Amino acid sequence: MTPAASLMPAPKAREIRALTGLRGIAALYVVFFHANGLHAFPMAVRPFVSHGYMAVDLFFILSGFVMAMTYGGLFENGFDFGNFKKFLLLRLARIYPLYILMTVITAIMITTVLSDTYRFDDNVLRALPFNITMSHVWGLAYSIVPPSWSISTEWAAYLLFPVSILLALWLPRRYALLGIAAAFGILIAVAYGPQWMTHHPHKGIGRLDVVHSYAPGTTLRCLAGFYIGLVAFRFKDLVPARAAGLFLPLALFLLCYKSNDVWLVAVFAGLIMSLSHDEGVIARLLQNRVVYWLGLVSFALYLVHDLVQKIIFKSFPAWGVDLGLSKMTWVFVSVAISLGIAALAHYYYERPSRVWARNLIKTLENHTPIFSRANYIKLANYVRSVAVRPTTPAE
């Protein structure tokens, strides 16, 4: 059995609009999940909404799938430092501009105007360098922007990408499947393992809502989901588009019960594989203009919503801002404001900065460095010519 040569991604992978829409729905799910933590939703919907932390696991699987589709071909022939550098720079161009902006804004606000109402269980100046390098959740510091814990763990997945993509995509399939078994084993250990793995009291009940910066399970949760997404891309053609009609209702059902987290990861992988064909009724629903737009602004929404919610639910009451609105009304106000700020951030900062960063990368790639091999040879030849130049005999 040869490696999946026929699965080599195209040099420029096409966008799968259904997966973009799915990412938008997942981001909105996270927003409501965090709002539920600040104001309890009605009991009729609370079990479903309080399970929204699993949307991040969907992100991890989806990210691995898209990374395999877009960049898997860079490592078909093994590790190449130039391709690895290109991969990391392109990922930084995608996530870092908005991430660092929100990190700096949040750091400034929680040490000034929000200092009395925003709880941060660390010293901001001590935590800032680790947050700037996106290494904070590797047991180094708390997240200044709380949702950024997942960005820190994904950065770890990017650094391991050459190894994981080789195992998932280019070695014989038995090795990819052994990796899948290991990934699910890791998730089971995180969900049911000892408390030192998770640093939360939900030991033994199967929950994957592990976000603590000093818990090894936090990063392992991401690495496992990311790898599952890589392998899902390899075997995507085994799951037909019509299977989305089975996986989506099953996912919605399981999201109502918190003891099914590991099973949900498997269902999410199947859902992504079925939607990757971009065909069928479910795919068309996710390609809807509004849902697709949610996917476009999803990264900005993910990063900005927490600060908006903390201001509305923590700072406004302390400042005497009420306006006579109910708590649930404030929930929807916070969602609307978050969406508005996310749209502005996406169109006027995230997208332009991404284009600028990608153009800078291209410029640097085409620019011959001062200390290139060609310039070194020229310099060496010049020095040699001067050193051996014959002296003019004295007259």
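So, a few notes on the structure that sits alongside this text. Just so we're clear, the structure is a prediction, and the values are computed from it rather than from any experiment.

### Quick word on the layout of surface pockets
Remark: the empty space left among the atoms is shown by a probe the size of a water molecule rolled over them.
Then, number 1: In this model, the second largest pocket occupies a volume close to 1200 Å³.
Then, number 2: Lining of the second largest pocket is provided by 32 residues; of these, His34, Pro146, Val211, Asp306 and Lys310 occupy positions nearest its centre.
Then, number 3: When residues of the lining of the second largest pocket are traced back to their parent elements, those giving at least two are α1 (17-38) and α15 (298-319).
Then, number 4: Considering each element in turn, the lining of the second largest pocket owes the most residues, six residues, to α1.
Then, number 5: Split into classes, the residues belonging to the lining of the second largest pocket amount to 13 nonpolar, eleven polar and eight charged.

### Considering the environment of alanine 343
Then, number 1: Counting through the fold element by element, alanine 343 comes out in helix α16 (residues 327-366).
Then, number 2: Residue classification places alanine 343 among the buried residues on the basis of a relative accessible area of 16%.
Then, number 3: C-alpha separation for the pair alanine 343 and tryptophan 293, spaced 50 residues apart in sequence, amounts to 9.3 Å.
Then, number 4: Beyond its immediate sequence surroundings of up to four residues, alanine 343 is in contact with Trp293 and Val297.

### Some points on the nonpolar core
Then, number 1: In this structure, Phe161 and Leu275 are the most contacted members of the largest nonpolar core, which totals 122 residues.
Then, number 2: Element by element, the count of residues in this core is highest for helix α3 (residues 54-71), at 13 residues.
Then, number 3: Apart from the residues lying within four places of it in its own chain, the contact partners of phenylalanine 161 are Met67, Tyr71, Gly72, Phe75, Phe87, Phe226 and Leu230.

### A word on the side chain of serine 164
Then, number 1: Tracing the backbone shows serine 164 in helix α7 (residues 161-170).
Then, number 2: What makes serine 164 buried here is its relative accessible area of 14%.
Then, number 3: Setting aside anything within four residues of it in sequence, one finds serine 164 in contact with Tyr227 and Leu230.

### Some words on a nonpolar patch on the surface
Then, number 1: Residues Leu166, Leu171, Tyr175 and Leu178 make up a contiguous nonpolar surface patch of about 330 Å² in total accessible area.
Then, number 2: Topologically, tyrosine 175 is positioned in helix α8 (residues 173-192).
Then, number 3: For tyrosine 175, a relative accessible area of 34% translates into the label partly exposed.

What counts, and at which threshold
- Residues numbered from 1 in each chain as written.
- Predicted model: local features only at pLDDT ≥ 70, side-chain atom pairs only at ≥ 80, totals over all residues.
- Heavy atoms only, no water.
- 1 Å grid on protein atoms, 1.4 Å probe; cavity = no way out; pocket = protein on both sides within 12 Å on 5 of 7 lines; lining within 4 Å.
- Points joined across faces, edges and corners; volume = space filled by probe spheres on them.
- Helix = DSSP H or I, 4+ residues; strand = E, 2+ residues; numbered from the N terminus.
- Nonpolar A, V, L, I, M, F, W, Y, C, P; charged D, E, K, R; others polar.
- Buried < 20%, exposed > 50% of the residue type's maximum accessible area, 1.4 Å probe, protein only.
- Contact = heavy atoms within 4.5 Å.
- Core = buried A, V, L, I, M, F, W, Y, C linked by side-chain atoms within 4.5 Å.
- Patch = residues over 30% accessible without salt bridge, like charges linked within 9 Å, V, L, I, M, F, W, Y side chains within 5 Å.
- Areas by Shrake-Rupley, 256 points an atom, 1.4 Å probe, with all protein chains shown as cover.
- Salt bridge = Lys/Arg side-chain N within 4 Å of Asp/Glu carboxyl O.

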